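Each chain, letter by letter, is given below.
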Amino acid sequence: MHPEPIGEPTQDKEFRSGYLALAGRPNVGKSTLLNCLLDQKLAIITPKPQTTRNTVLGVWQNPKAQIAILDTPGIFGPRKLLQEIMVASAFRALRQADLILFLTEAGQEKFAEDREILEKIFSLPRPILLALNKVDRLVDKSLLLPQMEMYSQNFPFQEIIPISARTGEGTKELLQGLIRALPPGPPLFPPDFLTDRPERFFVAEIIREAAFACLREELPYSLGVRIEEFRENSRARGKDFIRATVLVERETQKAITLGHQGRMIKEIGEKARREIESFLDRPVYLELWVKVQKKWRTCGQNPLRY
Ligand SMILES: Nc1nc2c(ncn2[C@@H]2O[C@H](COP(=O)(O)OP(=O)(O)OP(=O)(O)O)[C@@H](O)[C@H]2O)c(=O)[nH]1
Ligand SMILES: [Mg+2]
């Protein structure tokens, strides 16, 4: 089920390691938690549900344990093909995992919706923990206890931990709980390993996040980003050269994404370039094009070649 361990062999019989999948409805804070645990911005985050489209792996480690964390797309009843693919990809990650952390929002009455997902997840023979996220915005903390009871009476969670992925509150306790639930085993990845995704994947994601930030409510749900060219340290320009296409499905969406006299795409490009430079830690020349490609989401296996 898992790749062979490629980490350093260890004599430490106490060492624990394994795959942890983050699961939950869209927008509960899975990607924010991944970034918080790794103290690194790997996954993109927006206030909009259904942000994460592909599972992202990030490796957390200390001298005693290694956790290969899989951030997954939010789980919900899909209506479109892209959504179906996202939910299927989430379940693939859950089956691959040794352990699952289910997230839900603290103080929110979403048990009925969570229950449907939890019934599926609990059919997998894995330890499952529950995190009640966003406690920082919970004014009435007395809501926590009844919520914890509701979940624990219905499902045998290994542990239930209130956290805030935004402020880091409770995440130390969460990590301790996760390590306790991990099986003993050697490291799966080398000590400095962070993620299995190539740089161009993150570059495409950062452009998508910038498009979200600039377009806000006007953002077409179907917007996608394809990296066409990525030349490191291009001699002509003395920096990395990246050419990317922003894909939309209709001419009207193209007009919105370009903006009046190209102002919008320029703003997206500038924001994305700054973020990419900070992610790669080197200067970048970014060229963005907008293209209408009908049904890019459904043509072929992976229209977004990373
Ligand atoms: N106040 C508060 N907001 C949070 C916390 N964690 C996440 N958020 C916010 O919740 C929103 C969604 O966060 P994401 O991390 O993108 O959620 P997600 O579960 O990955 O969402 P999908 O990828 O769509 O499934 C963003 O606006 C975050 O800033 C938290 O602990 N406290
Ligand atoms: Mg996400």
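For the structure, see preceding data.
Since this is a predicted model, take the numbers as computed values, not measurements.

(A) Summary view of the coordination of the magnesium ion (ligand 2). Protein coordination of the magnesium ion (ligand 2) is provided by Ser31 (OG) and Thr52 (OG1), with donor distances spanning 1.9 to 2.1 Å. Within this pair, whereas Ser31 is found in helix α1 (residues 30-38), its partner Thr52 is found in the loop between α1 and β2 (56-62), the two being separated by 21 residues in sequence. Overall, the relative accessible area of 10% leaves Thr52 in the buried class.

(B) Just the site of ligand 1, in detail. Near ligand 1 lie 21 residues; those nearest to it are Thr32, Gln50, Thr51, Thr52 and Asp136. Taking Ser164, its side chain carries an N or O atom lying 3.2 Å from an oxygen atom of ligand 1. Arg166 places a side-chain nitrogen or oxygen 2.8 Å from an oxygen atom of ligand 1. Against a free-state accessible area of 650 Å², the protein chains account for coverage of 93% of ligand 1. Broken down by element, the shell around ligand 1 gets its largest block of residues, 3 residues, from α1. Along the lines of polarity and charge, the residues of the shell around ligand 1 split into 6 nonpolar, 11 polar and 4 charged.

(C) Representation of the sheet that holds strand β3 (residues 65-71). Taken in spatial order, the 6 strands make up an open sheet running β2-β3-β1-β4-β5-β6, and their pairing is mixed. With one partner strand each, in any of the chains shown, β2 and β6 (160-162) form the two edges of the open sheet. Each adjacent strand pair in this sheet contributes to an overall mean axis angle of 25°, direction not counted. In this sheet, strand β4 (residues 99-105) lies alongside strand β1 (residues 16-23) in parallel orientation, the contact comprising 4 bridges. Along β4, the bridge assignment pairs Ala23 with Phe102.

Procedures and definitions
Residues numbered from 1 in each chain as written. Chains lettered and ligands numbered in written order. Predicted model: local features only at pLDDT ≥ 70, side-chain atom pairs only at ≥ 80, totals over all residues. Heavy atoms only, no water. Donors = N, O, S within 2.8 Å, 3.2 Å for Na, K, Ca; no water. Helix = DSSP H or I, 4+ residues; strand = E, 2+ residues; numbered from the N terminus. Buried < 20%, exposed > 50% of the residue type's maximum accessible area, 1.4 Å probe, protein only. Near = heavy atom within 4 Å. Polar contact = N/O pair within 3.5 Å; in protein donor to acceptor, adjacent residues only side chain to side chain. Areas by Shrake-Rupley, 256 points an atom, 1.4 Å probe, with all protein chains shown as cover. Nonpolar A, V, L, I, M, F, W, Y, C, P; charged D, E, K, R; others polar. Pairing = 2+ DSSP bridges. Axes fitted to C-alpha atoms, helices over the stretch in contact; angles between N-to-C directions.

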